Amino acid sequence: MVRMVRSCLQSMLKLVNSLLGMVGVAMILYAVWLIRQWQEQTGSLPFADPVPWFIFAFLCLGALLCLVTCAGHIAAETINGCCLYFYMGFIFLLIMVEGGVIADTFLNPDWKQDFPEDPSGAFYRFSKFVESNFKICRWIGLSIFSVQGASVLLAMLLKALGPHRHYDSDDEYDVSTVPLLRDARQPHPYVVGEPIYGAKPDSWSVRINERANR
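The protein appears in an unreviewed UniProt entry as Tetraspanin-19 from Eruca vesicaria subsp. sativa.

### Comments concerning the overall build of the protein
When helices and strands are counted, the protein shows 7 helices and 0 strands. The helix and strand sequence of the protein, counted from the amino end, reads α-α-α-α-α-α-α. Counting every position in the protein, which comprises 214 residues, the buried fraction comes to 26%. The contacts in the protein between residues at least 6 apart in sequence include a share of 72% that link residues at least 24 apart. About 15,300 Å² of surface is accessible on the protein, with carbon and sulfur atoms providing 66% of the total.

### A look at the UniProt feature "transmembrane region" (unreviewed entry) in the protein
Annotation from UniProt places "transmembrane region" (unreviewed entry) at residues 12-33, 53-76, 83-103 and 139-158. Across residues 83-103, the secondary structure splits into 100% helix and 0% strand, with the terminal C-alpha atoms separated by 30 Å.

### Some thoughts on the side chain of Asn17
Tracing the chain through its elements places Asn17 in helix H1 (residues 2-42). Judged by its relative accessible area of 0%, Asn17 is buried. Dropping the residues within four chain positions of it, Asn17 is found in contact with Val68, Thr69, Gly72, His73 and Tyr87.

Conventions and cut-offs
Residues numbered from 1 in each chain as written. Predicted model: local features only at pLDDT ≥ 70, side-chain atom pairs only at ≥ 80, totals over all residues. Heavy atoms only, no water. Helix = DSSP H or I, 4+ residues; strand = E, 2+ residues; numbered from the N terminus. Buried < 20%, exposed > 50% of the residue type's maximum accessible area, 1.4 Å probe, protein only. Contact = heavy atoms within 4.5 Å. Areas by Shrake-Rupley, 256 points an atom, 1.4 Å probe, with all protein chains shown as cover. UniProt positions renumbered as here; feature names shortened; annotations may be inferred.

See the structure below:
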């Protein structure tokens, strides 16, 4: 039963982790498209001053999500404690950063001034797109939050169950895989026969009878 639950949790963690990886790939593709647009407009890559921070922020965040997705798949497959802690810690940190940005957006009316100037104009266009499609973007954001929360919860449950073992209960393991317990589980064979009554061959009475027969 424990093996079945562990396998289901592993599959679910890989699924939600794959969704995070898809978000990371989408962010990388969007950043690459922005770089292409910058190159078409200026004739050079965006590596000189002023640096378009919004493009590189999307690119780095997407790459980090892809790396965390790989770590999450490794952690789900091996149920390694270090990988699970790293995965949960990064996802929790990402949730805190996203929550801070959302709180600043809703509570601060001049939230755009908190960000540096973006010469590419991508940040302005992105903010206008979010404002014009607020309902759709809100549901997308809630879905990403739900996936991140589910990934942390599944990782915690896997950490609580622990890695795979040779046996989950006393009745499900093979004695041949546990050499130290083999002698304890398999006592030495013995023969049950009829009890022998009478004196021993070297007793005193037997020696007297042998002398009398001589």
